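So the chains spell out like this:
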Amino acid sequence: MQGKGVIKFFAILLAVVCLYQLSFTWVAHKVREDAKVYSKGDPEKEKAYLDSISNQPVYPLLKHDYAYVLQREIALGLDLKGGMNVTMQIQLNELVRKIANNNPDATFNQALANADKLQANAQTNQKDYIALFVSEYEKLSPNGKLAAIFSTKDNQDHLKFNASNSEVKTYLEDLASTAVKQSFTVLNTRINQFGVTQPNIQLQQGSNRILVELPGVKEPERVRKLLSGSAKLEFYETFDNAEAYQYLINIDNLLAAKSKTAKADTGKSAKVDTTAKLAAGKADTAKGGSLLSKVQKNAAKNDTSAASLSKTKLAAQHPLFAVMSLNVGQGANGQQQLGQGPVVGYAPLQDTAKVNSYLHSADVLAVIPRNIKFLWEVKPIKNTKTFALYAIKLTGAENGPVLSGDVINDARADNDQKGSPEVVMIMNSEGAQKWRTVTAEASSGTNKKAIAIVLDDNVYSAPTVQNEISGGVSSISGNFTIDDTRDLANVLKAGRLPAPAHIVSESIVGPSLGQEAISAGITSSILGLVVVLIFMIAYYNRAGTVAVVAVIINIFFLMGVLTSLGAVLTVPGVAGIVLTLGIAVDANVLVYERVREELGLGKSLRVAVADGFKHALPSILDSQISTFLTGLILFVFGSGPIQGFATTLMIGIATSLFCSLLISRVIFEWMLDKGMDIKFSNPWSSHTFKNANFAFVKNRGKFYIFSGLFIAAGLVSIFTRGFTYGVDFEGGRNYIVSFTNKAVTTEQIHDAVDATLGRSTEVKTMGDKFSITTNYLFNDNSTAADAKVKAALVDALNKKPETKIANSDLGGSKVSATIADELKTSAIYTVLFAIFVISAYILIRFRKWQFSLGAMIATAHDALLVLSFFSLFNGFLPFSLDIDQAFIAAILTVIGYSINDTVVVFDRIREFLDHSNKNEKPEEVINRAINSTLSRTIITALTVVFVLLVLFIFGGDVIKGFSFALLIGVLFGTYSSICVATPVIVDFGKKDLK
């Protein structure tokens, strides 16, 4: 074998990289375990512990801090890890006030206040806000005319002055509905561009609330800012550091004098002291602030007792500078001097609140000029938790910005000529004219000024204006990351919400599967893998151990690459790993079966191994490439769970090829060089399927009848009985429940609820509470149905002592489907397109359209069989057969497996046809080809079935439906590649195949 050295080098290099990437997960897990031990079950202590070490080195070898390690561990999706749960409320009261042009009518404002109180009540918060407002107004003023309030100059085209109250109500409802939908769209856009994988955003039907779920969020403050930000963009002139320095000195002196006055309680001494301090401040300015800088430098030392004395003295004499350092640098002569630009100081995150309290105190605001204010930069300095403080200049009679953000027409994230991230802004004509004036003034003279870009009182950038900007197109640049520019451009592009959206509740939620189900799933997956590896050794003897090593290395590489790419692992991703396991074993089985054939021809062991790899290569490549193309199409055109599945599948195929073809070959070469006796079977397995001669082609009519009847019955059931959809497909009613038993698990809740409300119930942890969503009576929109569902839920939970509820008032809200109709449509078209592309590839590779047709029919056949099975047997099996997000993953796995299996069989058929006797009938040749590859087909199917059986039996009730869908899908895929795809070739290619 050539290139063994290169393969070994690359394998070692990849192993080191993967080990490094996975080590972050191990370190992060260890830190969390230490936090649990320290807290002894107290979540507040645990959080405090993790916060305290966030910037402390926890990686012994590389000295990385916990925050760095946390960002690089394996990312899990909301279904496996949980994340952030935020409820946004669209402030329709402010919208109504705006429509009424802030009418001062007392009755109008009282009706709004009453409607606000009613909606805040748990029993009425899901009622239409406009209906509540109109009802309250008519109660307060039975003969009052709403048109007199709302028929303003701006509304006259849509609402006449003599309009009835019902017409006004309809008008307001239309505007409110539009506002909520636009807010939903804006929030959805912001979340999607935020970069979170698989976010969930649900509009609570009939209300002005939106539920947002973000998996594995690590920056909740950034999320809150992005979701609730109103895109209040402003442009301000700035003070230079040298100008603002004197104001800070005055503030510090005032605070010191006030502190001294509080202690001495003498007003006169304070007055004299202040004057003295102001004089000292001027002297400090002349020296470039060197005295204060030296004091701060001394105070920062931690290794001597003098440090404590310095800090105490500094806090007494300079209260402001004890918590904020000045912008002081070193000049050319080695002397300290004030830094340039609008940054006036720095403070660590924990001290910014103290600085704000000083700067915003009444005493300070009374003595500093009204045209200055201090704002923090939006993000800390790179690799620190220190924030920069800017001196902002207020202009005009109203002491405001030089320009507001409402003049911006568009904004986009881009890169400048050097490739650095920036934001490009496009202004309207009015804004472009003002911007030209502002930038011309700022860039004039030798001392060019900076213009601060301020979004919601946070400085995003303060670039120095070098030249006058005309035309209205300009860029915002600075120390931006791609995420920074994406966030800023997204907020600017989205514009102000039609009605403000406020966060009314937020919490950290647990995984939707439940920790018990996840633990059971992981345990059963590992057990299934062990079963497969034992079977490989038992069937293929010593060669099976090589397959075991290759599969373990493959999983290691797969997880390492997924981690390094920052991919998020979800339930569909787990399905991709299961399929990857099958593909990895399949490649080894193909090689081993070929080696056994070569040994049967009397070849030596070394030659048989070499020829086995050589002859198996075309089948392996064809099957892997066709499956990879499927994954690529799903990734490019799919979204959400489809992309998660496709990412894992494509990476898994690449690592499987490397391990199965190269790593395995290197191991065999090493064993041969050592003179080891490599056996490819045990006595009991040496003749398995060796002389198989089943009449698959002859009995194809029976297979057609079976598949046709099954699919026909399934279609009848689909159009009559339909499916049971999960809450992520259909929506449902959501309740927040707390239990008297604090140790209650999601499995226990499912056991109590499913029997009464159906198995499509979704349970998530929310701190010490649980979020329960059920689609029981979902299509019944009556008030009686709301009460009936709540009563049924309470009764079901209270039947068992371990799930006895602690809160009788559950509230309840109706939520829309997590998976939107667009995603369902996209999934269908993506799968159809994938089947078409694979058929085209097979046509090019096999050069006969019958092979393409057979693959297309077999793949569609498998999908229809699974759908038919889920409709026919729904309600008859003791576990859920819901159509939900996990079902999508199962269908995708079935399609991937079916294509892989079918291509391998086709490849053997082509080989037999190419080398067959011209006098032989094609049916006989094809039947021999199927039988010759039967061992590989059955063994590959068995390895995947073993994993899925263990997952189905021991994985827990929550994922039984998911694992069962995979199980029957693999069985159908194996059946179709032999009994459906090949008969199609025979019946449509009798003449061509000759």
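Look up a bit, the structure's there.
Read on for a plain summary of the structure.

Calculation rules
- Residues numbered from 1 in each chain as written.
- Predicted model: local features only at pLDDT ≥ 70, side-chain atom pairs only at ≥ 80, totals over all residues.
- Heavy atoms only, no water.
- Phe/Tyr/Trp six-rings, centres within 6.5 Å; stacked < 30°, edge-to-face > 60°.
- Helix = DSSP H or I, 4+ residues; strand = E, 2+ residues; numbered from the N terminus.
- Buried < 20%, exposed > 50% of the residue type's maximum accessible area, 1.4 Å probe, protein only.
- Pairing = 2+ DSSP bridges.
- Axes fitted to C-alpha atoms, helices over the stretch in contact; angles between N-to-C directions.
- Salt bridge = Lys/Arg side-chain N within 4 Å of Asp/Glu carboxyl O.
- Patch = residues over 30% accessible without salt bridge, like charges linked within 9 Å, V, L, I, M, F, W, Y side chains within 5 Å.
- Areas by Shrake-Rupley, 256 points an atom, 1.4 Å probe, with all protein chains shown as cover.

Our focus in this paragraph is the packing of aromatic side chains. Scanning the entire structure with this criterion turns up 34 aromatic pairs. Seen from their ring centres, Phe846 and Phe851 are 5.2 Å apart, and the 20° between their planes marks the pair as stacked. Judged by centre distance (5.4 Å) and plane angle (45°), the rings of Phe869 and Phe964 are tilted. Linking Phe869 in helix 27 (residues 849-872) with Phe964 in helix 31 (residues 960-979), this pair joins segments that are 95 residues apart in sequence. One exposure class covers both Phe869 and Phe964, and it is buried. Taken together, the ring pairs connect Phe535, Tyr539, Tyr540, Tyr592, Phe613, Phe668, Phe680, Trp684 and Phe946 into an aromatic cluster.

All right, on to the sheet that holds strand 17 (residues 473-476) then. Taken in spatial order, the three strands make up an open sheet running 13-14-17, and their pairing is antiparallel. Each having just a single partner strand, strand 13 (408-415) and strand 17 make up the two edges of the open sheet. Put simply, the sheet's adjacent strands are angled 25° from each other on average, direction ignored. Here strand 14 (residues 421-427) runs beside strand 17; their pairing, made up of four bridges, is antiparallel. Each bridged residue has a counterpart across the sheet, and for Val423 the counterpart in strand 17 is Ile476.

So, about the pattern of salt bridges. For the structure shown, the criterion picks out 25 salt bridges. The shortest N-O distance in the salt bridge between Glu73 and Arg32 comes to 2.9 Å. Highlighted residues: Glu73 in the loop between helix 3 (66-71) and strand 1 (75-76) and Arg32 in helix 1 (residues 4-39), separated in sequence by 41 residues. The network of salt bridges with shared partners includes Arg594, Glu597, Arg908 and Glu911.

In this section: a nonpolar patch on the surface. On the surface, Leu527, Val531, Leu949, Ile953 and Phe954 cluster together into a nonpolar patch covering about 420 Å² of accessible area. For the nonpolar patch, the leading source of residues is helix 30 (residues 934-954), giving three residues. Topologically, Leu949 is positioned in helix 30. Leu949 gets classed as partly exposed once you look at its relative accessible area, which sits at 34%.

Take the pairing of strand 9 (residues 343-348) next. In this structure, strand 6 (residues 325-326) lies alongside strand 9, joined through two bridges in antiparallel fashion. Residue pairing for strand 9: Ser325 is matched across the bridge by Tyr346.

This paragraph deals with the pairing of strand 15 (residues 451-455). The buried count for strand 15 comes to five of five residues, which makes it a mostly enclosed element. In strand 15, alternate side chains face the same way, and those of Ile451, Ile453 and Leu455 on one face and Ala452 and Val454 on the other are all buried. The sheet contact formed by strand 5 (residues 233-238) and strand 15 spans five bridges and is antiparallel. Bridged to Phe235 within strand 15 is Ile453. Pairing analysis gives three bridges linking strand 15 to strand 16 (residues 458-461), with the strands arranged antiparallel. Looking across to strand 16, one finds that Leu455 is bridged to Asn458.

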